Amino acid sequence: KSIAKEKAKRNLALLLQLVDDENAPDKQYVDMYLAETYEALGDKIKAVEHARKDIASGRKQGTYVSRSHRLILRILQEDQAAAAIGCEAAAAAIRDFPELPEFRAEYARYLAEMFNYDDAIKEIVVAIQMNQTYTGMEPSLFDNESCHLAKQLLEEWKIINKNKNNIKISACVIVK
């Protein structure tokens, strides 16, 4: 077994003790830590369950407190059929962390997956602009490489959006 899995199992046991301890310090962060621990152990269902509990309890003070939003979006990226759910999750992340450009970019990506290029273009432009002036306390993962990729997507989406009425689909079915 890997050391990371062993540490995650140890952390899970400690966190579960904290859940029952009424006097535990930093109890407001337990669901965020449980979500990350369950993800490390490969239990995505419990990870999302605790991330949602953390999000539902409201935004916390400090840095790296957007981790539950990031976890849900990361797990949803693995599911190609989850565009609508991902769109909702990204919108919730924007609601709680409106200053983070990566959540806008993620929202734009889901909008594009649902063929809503008009809104996707608007959101990715906002993400690119926000990245240029970001000075928030919560660390942003929207770095120069992400911004460059966002600009490429913006150009692709503009072309698709411009030509969307000219796209034709043909099908040929050979039957007996």
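This structure is a prediction, so every number in the text was calculated from the model and none was measured.

**Considerations on the overall build of the protein chain**
- Secondary structure summary: the protein chain contains 8 helices and 0 strands in total.
- Reading the protein chain from its N end, one meets helices and strands in the order α-α-α-α-α-α-α-α.
- At 20 Å, the protein chain has a C-alpha radius of gyration far larger than the 16 Å of a compact globule built from 176 residues.
- Each of the three principal axes of the protein chain carries a C-alpha extent, and together these read 65 × 55 × 30 Å.
- Relative to its full complement of 176 residues, the protein chain shows a buried share of 38%.

**Structural notes on helix 6 (residues 101-113)**
- In this model helix 6 runs 19 Å from its N-terminal to its C-terminal C-alpha over 13 residues, within 8% of the 18 Å that 1.5 Å per residue would give.
- Turning to helix 6, its buried residues number three or more, namely P101, E102, F103, R104, A105, E106, Y107, A108, Y110, L111 and A112.
- Of the residues one or two after helix 6, F115 is the one with positive phi, at around 65°.

**Concerning the nonpolar core**
- L71, I72, L73, F103, Y110, I124 and W157 are the most contacted members of the largest nonpolar core, which has 45 residues in total.
- Secondary structure elements with two or more residues in this core: helix 1 (3-20), helix 2 (30-40), helix 3 (44-56), helix 4 (67-77), helix 5 (83-96), helix 6, helix 7 (117-133) and helix 8 (144-163).
- If you tally residues by element for this core, the top one is helix 6, at 7 residues.

The rules behind each value
Residues numbered from 1 in each chain as written. Predicted model: local features only at pLDDT ≥ 70, side-chain atom pairs only at ≥ 80, totals over all residues. Heavy atoms only, no water. Helix = DSSP H or I, 4+ residues; strand = E, 2+ residues; numbered from the N terminus. Rg over C-alpha atoms; globule rule 2.2 N^0.38 Å. Buried < 20%, exposed > 50% of the residue type's maximum accessible area, 1.4 Å probe, protein only. Expected span 1.5 Å × (residues − 1). Core = buried A, V, L, I, M, F, W, Y, C linked by side-chain atoms within 4.5 Å.

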